[in-house]
Amino acid sequence: LYSRYILLVSRFSCTVLQNEAAAQIPGSSLLTDCPPLGLETLKIDDFQLHASSMRHYGLGPHRGRLNIQGGLYEDDLYDGGWCAGRNDPLQWFEVDARRLMKFTGVVTQGRSSLWSSDWVSSYKVLLSNDSHSWVTLKNGSRDLIFSANREKEIPVLNLFPKPVVARYIRINPRSWYSSGSICMRVEIMGCPMPGDQRTRNEVTTTDNLDFRHHSYKEMRQLMKVVNEMCPNITRIYNIGKSYNGQKLYAIEISDNPGEHELGEPEFRYTAGSHGNEVLGRELLLLLMQFMCQEYLSGNTRIRRLVHETRIHLLPSINPDGYEKASEAGSELSGWSLGRWSQDGLDIHHNFPDLNSVLWEAEAQKWVPRKFHNHHVPIPDWYRSTNATVAVETRALVSWMEKIPFVLGGNLQGGELVVTFPFDRTRSVTALREATPTADDHVFRWLAFSYASTHRLMTHASRRVCHTDDFAKEDGTINGASWHTAAGSMNDFSYLHTNCFELSMYVGCDKFPHETELPEEWENNRESLLVFMEQVHRGIKGVVRDVQGKGIANAIIAVDGINHDIRTASDGDYWRLLNPGEYRVTVRAEGFSVSSKVCAVGYDIGASSCDFVLGRSNLSRIREIMQKFNKQPISMRQRLRQRRLLDT
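Structural notes, computed from the coordinates. Along each chain, numbering runs from 1 in the same order as the chain's sequence is written. The model is predicted, so local features are restricted to residues of pLDDT at least 70 and side-chain atom pairs to those at 80 or more, both for listing and for counting; the totals for chains, interfaces and linings are taken over all residues. Values shown for side chains rest on all heavy atoms present in the structure; no hydrogens or waters enter the calculation.

1. Looking at empty space enclosed by the protein
Right, on to step 1. Here a cavity is any set of points on a 1 Å grid over the protein atoms alone where a 1.4 Å probe fits but cannot get out, and a pocket is any open set with protein on both sides within 12 Å along at least 5 of 7 lines; a residue lines the site when it has an atom within 4 Å of a point. Grid points are joined across faces, edges and corners, and a volume is the space filled by probe spheres set on the points. Going through the model one piece at a time under the given rule, you end up with 4 cavities of 30 Å³ or more.
Right, on to step 2. Its boundaries defined by the atoms lining it, the largest cavity holds a volume of some 90 Å³.
Right, on to step 3. As for the largest cavity, its lining consists of His348, His349, Thr419, Asp423, Gly479, Trp482, His483, Ala485, Asn490, Ser503 and Tyr505.
Right, on to step 4. Strands are runs of DSSP state E lasting at least two residues, helices are runs of H or I lasting at least four, and both sets are numbered from the N terminus onward. The set of elements that each furnish at least two residues to the lining of the largest cavity consists of α10 (479-482) and β18 (500-507).
Right, on to step 5. Among the residues forming the lining of the largest cavity, the class breakdown is 3 nonpolar, 7 polar and 1 charged.
Right, on to step 6. Counted as a void, the second largest cavity has a volume near 50 Å³.
Right, on to step 7. In terms of lining, the second largest cavity is formed by Glu40, Arg65, Leu66, Asn67, Ile68, Cys465, His466 and Cys508.
Right, on to step 8. Its residues assigned to classes, the lining of the second largest cavity comprises 4 nonpolar, 2 polar and 2 charged. Charged means Asp, Glu, Lys or Arg here, nonpolar means Ala, Val, Leu, Ile, Met, Phe, Trp, Tyr, Cys or Pro, and polar covers whatever is left, Gly included.

2. Things to note about the nonpolar core
Right, on to step 1. The criterion is simple. A nonpolar core is a set of buried Ala, Val, Leu, Ile, Met, Phe, Trp, Tyr and Cys residues joined through side-chain atoms within 4.5 Å. A simple rule labels every residue: compare its accessible area, found with a 1.4 Å probe on the protein chains alone, to the largest value its type can have, and call it buried under 20%, exposed over 50%, or partly exposed in between. Membership of the largest hydrophobic core comes to 94 residues, with the highest contact counts inside it found for Tyr269, Leu287 and Leu502.
Right, on to step 2. Sorting elements by how many residues they give to this core places helix α3 (residues 279-297) first, with 11 residues.
Right, on to step 3. For this analysis, residues touch if any pair of their heavy atoms sits within 4.5 Å. Residue contacts for Leu287: discarding those within four places in its chain leaves Tyr269, Leu313, Trp521, Leu528, Leu529 and Met532.
Right, on to step 4. Val95, Ala97, Ala148 and Ala166 belong to the second-largest nonpolar core, a separate cluster that totals 29 residues.

3. Brief notes about the state of the cysteines
Right, on to step 1. The definition used for a disulfide is geometric: two cysteine sulfur atoms within 2.5 Å. Scanning the entire structure with this criterion turns up 5 disulfides.
Right, on to step 2. What pairs with Cys83 in a disulfide is Cys183, and their sulfur atoms sit 1.9 Å apart. Taking the torsion about the S-S bond as the criterion, the Cys83 to Cys183 disulfide, at about 115°, is right-handed. With Cys83 in strand β2 (residues 82-83) and Cys183 in strand β10 (residues 183-192), this residue pair connects regions lying 100 residues apart in the sequence. As far as the burial class goes, Cys83 and Cys183 line up, both buried.
Right, on to step 3. Shown here is the disulfide that connects Cys230 with Cys292, its sulfur atoms set 1.9 Å apart. Linking Cys230 and Cys292, the disulfide has an S-S dihedral of approximately 90° and is accordingly described as right-handed.

4. What to know about the side chain of Thr309
Right, on to step 1. Locating Thr309 in the fold gives a position in the loop between α4 (300-308) and β14 (310-314).
Right, on to step 2. Among the residues examined, Thr309 registers a relative accessible area of 1% and is labelled buried.
Right, on to step 3. Two N or O atoms form a polar contact when they lie within 3.5 Å of each other; inside protein one atom must be a possible hydrogen donor and the other a possible acceptor, and for residues adjacent in sequence the pair counts only when both atoms belong to side chains. Among the polar contacts made by the side chain of Thr309, one reaches the main-chain carbonyl oxygen of Leu305 at a distance of 3.0 Å.
Right, on to step 4. If we ignore the near neighbours within four places in the chain, the residues touching Thr309 are Ile253, Ser254, Glu264, Pro265, Phe267, Val535 and His536.

5. Here's the deal with the packing of helix α9 (residues 440-451) against helix α12 (residues 517-533)
Right, on to step 1. Angular values range over 0 to 180 degrees, each being the angle between N-to-C directions of two axes fitted as lines to C-alpha atoms, with helices fitted over their stretch in contact. Axis separation between α9 and α12 bottoms out at 7 Å; the angle between their running directions is 150°. Classed by the angle they form, the pair α9 and α12 counts as roughly antiparallel. In contact with Leu446, Ser449 and Tyr450 of α9, α12 contributes Asn524, Ser527, Leu528, Val530 and Phe531.
Right, on to step 2. Across the contact of α9 with α12, the residue classes tally to 5 nonpolar, 3 polar and no charged. Note that the term roughly parallel is reserved for angles under 35 degrees, roughly antiparallel for angles over 145, roughly perpendicular for angles of 65 to 115, and oblique for everything else.

6. So, unusual backbone geometry
Right, on to step 1. Geometrically, the link from Val367 to Pro368 is a cis peptide bond, its omega value of 5° lying close to zero.
Right, on to step 2. Note on placement: Pro368 falls in the loop between α6 (354-363) and α7 (380-383).
Right, on to step 3. Note that the residue after Pro421, namely Phe422, is joined by a cis bond; omega there is 0°.
Right, on to step 4. Within the secondary structure layout, Phe422 lies in the loop between β16 (415-420) and α9.
Right, on to step 5. The residue Asn67 is not glycine, and still its phi comes out positive at about 70°.
Right, on to step 6. For Asn553, which is not a glycine, the phi torsion comes out positive at approximately 65°.
Right, on to step 7. The residue Asn553 is located in the loop between β19 (539-545) and β20 (555-558) in this model.
Right, on to step 8. When its relative accessible area of 44% is taken as the criterion, Asn553 is described as partly exposed.

Here you go:
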């Protein structure tokens, strides 16, 4: 069934005709077949980029990459594009493909800057095989001049009249914004020549998966195919609808789909809260295919995960935004088209700001007597119908409250880093400031488990995506240390539920060309599996009464960690912890308090730590009085009665 589906939906990569290896125009071909060379994805190294001049190092040719983002301040080492040192028609930007390519087009943007407006409005294209003799692309006998950008952010694609074969390609700006300078961000479209060997940067995969971008309808069809392939371990459901009425589909992977099994942790991956960050969406579609195939083939690692974990994959939180980005395409959607929901909200940062609620309670010294350090309630205003809350966010909140998730990851794009709570700084005026949770050591391990197993995140020699060298920090960072953001999904999940949530920024390119998907899958596959396995770290158990009935909503407190969790409806719980010994205390209304020491080992597999609670004396008295329809006598009344008897 799956093979038939692949045959039905697969697209053929570009067919490159044998042409003379010279800088000339060969026979006609489908121009759109050829993918980008990889300036945006960093497959093109810095040393392959050259320019006639540069204003300063931070605006050198190595920064002339499509969608690269500039630093906050001017003259930064990491500025937002290539800018020529002079404004004249003799300037050029050059790419050395290091092999013969069939070039088909150029994509350009202006400079990314908060303070400046710079872009090129027209340019010529020159080609060469030796970087000495250059041929200008012509329209008949005249040099061909391409119209370029009218502002700095929206990408503009210019396809050549016919493909052209060469090794080097130059862009020669002819006009630019009158109040600005010659500045560009660039991507080159082209195919390698037939028989050309792969370069050291290219990665292949042996997994037989559907490596392409999926529309909403195609995504739903693919999930259906996976469900039909593995009906005993999968279930498709939806958590709600988008603003435009598209259902938010999720797939569950478990040995008993549709049921919460006692003692089995719940895990979730989500993607696409920003509709233009498409890589995460496709990675989850690939992951569900992979897990189904590997389960059927008897892969012991996958079968253990499926049998011991209830896994939920939600690939597209913002399908409305995705449609906007996909209409423009992978190279032309820019940095923000489709990011927000249909009604203009950033879904990932649209959750209630519970940080300020908790921190105010701590400042008033209400914690823990008057205010819990966990399960912080949602303010009433947020639940009102006229609150500025996306329907997608409301659906996520309901889903997160309904299922007792233990660990979650939301896949983002545009960087290579894993972030962990808190995402908001305690200081209101601070733009970035380390703001750790009470579980900072656990979060750091969880983040490192993903980053360290990714092919690129911790690679010391890898180039930064934009402005931050996260490889120096082992590919991880506290969210507030990067940039402050109130109302994030990560902070909300930690403060309102039991679930520890992290963000995985899985690639520099938010919307990679589909030819990049096999390599991106190889980059992230092991990390996706390793992070899921971390749901089995720490302690787990069941809290019961003396009759053996599970106690719901019991508080699980760990000495030295100022953040508690609660039991699920059946009395089971999971507490993520690093290796060590911990004194754990359990409290439940109407029951006596119980404590014990629980040990966590280094191997994967949570340690069992069960509790049996007896009824408290006060609870027994209340039950007896209620049974005999009497009210308890206060201590003061009892003392008065004793004094009267003594006299």
